[in-house]
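Residue strings, one per chain:
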Amino acid sequence: VVLVPVAVSLFIQAGSGRGLAQPLLEHKVKAAFLLNFTRYVSWPTGAFDDDVTPIEICVLGRDPFGSLLDRTVAGRSSQGRPVRVRRPANAREAGACHEVFISAAESERQPDLLATLRDKPILTVGETDEFLEQGGLVRLVVVDNAVRFEINATAAARSDLRIGARLLGLARRVMGP
Amino acid sequence: VTSLRDMPVDRKVFLSIVTTSALALLVALTATLAYETATFERRVVEQLRAQVRLLHLEVPLRFDDSKATSKDLEALGTIPGIEAASVFRADGSTLARWVGTAGESPLPEGPLAERTRFDGERLTLTRAIRDEEELLGHILVVYRLPRLPERLARHGIVVGIVAVALLAVALSLTGLLRRLVTRPIFELATAAREVSARKDYRVRVTVGGNDEIGQLTRAFNQMLSAIERGEQEQRRAAEEIRALNADLERRVAHRTEQLETANRELEAFSYSVSHDLRAPLRAIDGFSHLLVVEHGPGLVPPARAYLERIRNATQKMGRLIDDLLKLSRVTRSELRCEAVDLSAMARQIAGDLAERTPRRRVRLGIDEGVTALGDARLLQVALQNLFDNAWKFTKRRDEGAIAFGEQRRGADRVFFVRDNGAGFDMRYVEKLFVPFQRLHREAEFSGTGIGLATVQRIVARHGGRVWAEGEVDKGATFFFTLGG
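Residues numbered from 1 in each chain as written. Chains lettered and ligands numbered in written order. Predicted model: local features only at pLDDT ≥ 70, side-chain atom pairs only at ≥ 80, totals over all residues. Heavy atoms only, no water.

Here we come to the overall build of chain A. Within chain A, the secondary structure is distributed over six helices and ten strands. With 177 residues in all, chain A has 51% of them scored as buried. Looking at chain A alone, contacts between residues at least 24 apart form 57% of all its contacts between residues at least 6 apart. Only carbon and sulfur atoms are counted for the fraction: they give 52% of the accessible area of chain A, which is about 8,200 Å². (Helix = DSSP H or I, 4+ residues; strand = E, 2+ residues; numbered from the N terminus. Buried < 20%, exposed > 50% of the residue type's maximum accessible area, 1.4 Å probe, protein only. Contact = heavy atoms within 4.5 Å. Areas by Shrake-Rupley, 256 points an atom, 1.4 Å probe, with all protein chains shown as cover.)

Structure, rendered in structure tokens:
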């Protein structure tokens, strides 16, 4: 409840601005998306130790958010679990994450990173055009000054993740069988 | 109202069933519409809650996806009754809106403070969209209550079917009621009409059951029985009375005949007695006269006085017999009616009386032109008697006064003879016309006591009546009528 104003203020700027002219605003929305994705994805039971294990959102490599993501997630819960932000040093360390964000700045390392995380119950989120083709699950894209996303359903199925139908419905593109 | 009252009972029954049913139908329809209106909000709220839960609008709200939200609202708009809808973000700005093609809809620019606003035709609902206790935004939906004609049309088919069914039920019920109620009443009415028209009280109506109509029919039959019995009794009583009357008449006729016979015999007897008495009386009179004439001078004075008294008595007896014979004749003789000049008759009688007693001074007042229809001979006798009386009872007056004339009393012509003589006491007026009854002593006024009886007999035979008014020493008036 304390953090509702954060989300509200985000949307005030998003709504009234009607655009993402500033990179800051774009990152704010993307941070919110990262949190919201966790709400509509089902992880396999083995992905959590117990009922109170937090959902870990990890930023692998360059972090474009600064403190934005931490502020967005602070005190929030998703699917009845607390949410935590972690910045693992390498892909191996990211193995315990539930969601991993790879920024566009890591496009060169990206295929390797994705290969490491492949088939694990990890929701990978990226920004580059070929992110889904390289095995990523969710690609963030800016269309008409609004942040949208695309989903690789095949990869999600391989990763043993179930993506909510409503989320799939919002996707601009769904790669799938 | 009158035509309704005169309507046959089964028509009334049919009409009342149809009216009641139609009223019930109308009430049901009104109640349905009222119920619809009353429950409209609740139904709509439930519908909306289910729809919103189904749409999961929190997801597009989370991702600020106005395009997807617009699609969702469009889908929501296919539900009949929804006119417009919009989704607002938590800050109140519009994420998406949809307005139906039905026309412009007053879609507010932000969520309403109240969850429900109802303006009679439109229901505007505002609901918060939450996810995991977090307020994400609001959805606002404008519903329109279908207009009355539309709703009536929707119910029209049902109402029509029910109306036809009601009509059928009413018809069959009327048939049933006709058998149970109307026909007995009709039979009763027919019987009543027949009874009153023909006065035939032997009619009976078949009793159907033991309900009010049955009781009425039974009472009607009992009443007819009672009337029939009464009628028979009355007829028997009338028969008895007629028989009694006939018997009575026969007996009266018989008695009258006997009386008339007795009367005739009595009159014949009195006539013959009177007549037969005259012969010996004439002998007494004749021989006593001879005795006076031939041997009178030789008789001693007392003997002559005795003889004189015998002669007076004889003459008086002669007059008495004459009067009795006259009275008898009045009763027996046939009545011959003609126009009689009573004035002339009265003048002649008065003239005779004046001539016979020239020393009397009597003032006569006889009205002219008094005529009557009657038997001249008998009326002469009656007037003679009345004038004789008047003449006789005025003899003590220095100047007597006798009047004759006619008065009108209503429809009757009343004749009168008035004098200023001795008069009489009204207490004894009844005795005046009884034979041999006299109000004065013989020494004062001579007479036989038969005169007024004769007058009454004559007047009675003419169908009239006679009466008198008087006062002692003030004179007397005798009135008579002669009937038709």
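Okay, back to it.
A few words on the packing of aromatic side chains. Residue and element names in this part refer to chain A. Summed over the entire model, instances satisfying the criterion amount to 13 aromatic pairs over all chains. On the numbers, 5.1 Å between centres and 90 degrees between planes, the contact of Phe37 with Phe149 is edge-to-face. Of this pair, Phe37 sits in helix H2 (residues 23-37) while Phe149 sits in strand S8 (residues 146-152); the two residues are 112 residues apart in sequence, bridging distant segments of the chain. Both residues of the pair, Phe37 and Phe149, belong to the buried class. (Phe/Tyr/Trp six-rings, centres within 6.5 Å; stacked < 30°, edge-to-face > 60°.)

Residue and element names in this part refer to chain A. Spatial ordering of the open sheet is given by S3-S4-S2-S5-S6-S7-S8-S10, a layout of eight strands whose pairing is mixed. Looking at which strands have only one partner, the edges of the open sheet turn out to be strand S3 (77-78) and strand S10 (173-175). As paired elements, strand S6 (residues 123-126) and strand S7 (residues 138-143) share two bridges and run parallel to each other. When the bridges of S7 are listed, Gly126 appears paired with Arg139. Here H2 sits on the sheet in contact with strand S2 (55-60), strand S4 (81-86), strand S5 (99-102), S6, S7 and S8, set at roughly 40 degrees to S8. (Pairing = 2+ DSSP bridges. Axes fitted to C-alpha atoms, helices over the stretch in contact; angles between N-to-C directions.)

Attention now goes to the confidence of the model for chain A. Looking at chain A as a whole, the pLDDT averages 85, with 88% of positions reaching at least 70. Between residues 1-19 of chain A, whose pLDDT stays under 50, and residues either more than four places distant or in other chains, the model counts 30 contacts. (pLDDT = per-residue confidence, 0-100.)

Within the largest apolar cluster, 39 residues are counted, with the highest numbers of intra-cluster contacts made by Phe37, Leu69, Leu123, Phe149 and Leu167 of chain A together with Phe63 of chain B. Here this core takes six residues from H2 of chain A, the largest share from any one element. If near-sequence neighbours (up to four positions away) are discounted, Phe149 of chain A is found in contact with Phe33, Phe37, Val138, Arg139, Leu140, Val141, Leu167, Leu170, Ala171, Arg172 and Arg173 of chain A together with Phe63 of chain B. Counting 38 residues, the second-largest nonpolar core is a separate cluster that includes Met345, Leu378, Phe404 and Phe424 of chain B. (Core = buried A, V, L, I, M, F, W, Y, C linked by side-chain atoms within 4.5 Å.)

To continue, consider the side chain of Ser343 of chain B. Within the secondary structure, Ser343 of chain B is located in helix H8 (residues 342-356). The contact partners of Ser343 of chain B, leaving out residues within four places of it in the chain, are Ile366, Asp367, Glu368, Gly369, Val370 and Phe404 of chain B.

The subject of this paragraph is the pattern of salt bridges. Applying the stated criterion to the full structure yields 41 salt bridges over all chains. A salt bridge links Glu132 of chain B to Arg39 of chain A; the nearest nitrogen and oxygen atoms lie 3.7 Å apart. Taken together, the positions of Glu132 of chain B in the loop between strand S4 (122-131) and strand S5 (134-144) and Arg39 of chain A in the loop between H2 and strand S1 (41-42) put the pair across two chains. Exposure remark for Glu132 of chain B: the relative accessible area of 36% places this residue in the partly exposed category. Across the pair Arg173 of chain A and Glu150 of chain A runs a salt bridge, and its minimum N-O distance is 3.2 Å. With a gap of 23 residues between them, Arg173 of chain A in strand S10 and Glu150 of chain A in strand S8 connect regions that are remote in the sequence. In this structure Arg173 of chain A comes out as partly exposed when scored by relative accessible area, which is 33%. It is possible to trace a salt-bridge network through shared partners that takes in Arg39 and Arg76 of chain A together with Arg62, Asp131, Glu132 and Glu134 of chain B. (Salt bridge = Lys/Arg side-chain N within 4 Å of Asp/Glu carboxyl O.)

Residue Asp160 of chain A is not a glycine yet carries a positive backbone phi of 70 degrees. Structurally, Asp160 of chain A can be placed in the loop between helix H5 (153-158) and strand S9 (162-163). Phi at Glu132 of chain B takes a positive value of approximately 50 degrees, unusual for a residue other than glycine.

Bringing the interface of chain A and chain B into the picture now. On the side of chain B, 20 residues touch chain A, which itself brings 22 residues to the contact. Summed over both sides, the interface of chain A with chain B buries roughly 1,700 Å², with 55% coming from carbon and sulfur. Joining chain A to chain B, the criterion identifies five salt bridges. Its salt-bridge partner being Glu134 of chain B, residue Arg39 of chain A comes within 3.8 Å of it at the nearest N-O pair. Summed over the shared surface of chain A and chain B, the result is ten residue pairs in polar contact (both at pLDDT 80 or more). (Buried area = accessible area lost by both parts, 1.4 Å probe. Polar contact = N/O pair within 3.5 Å; in protein donor to acceptor, adjacent residues only side chain to side chain.)

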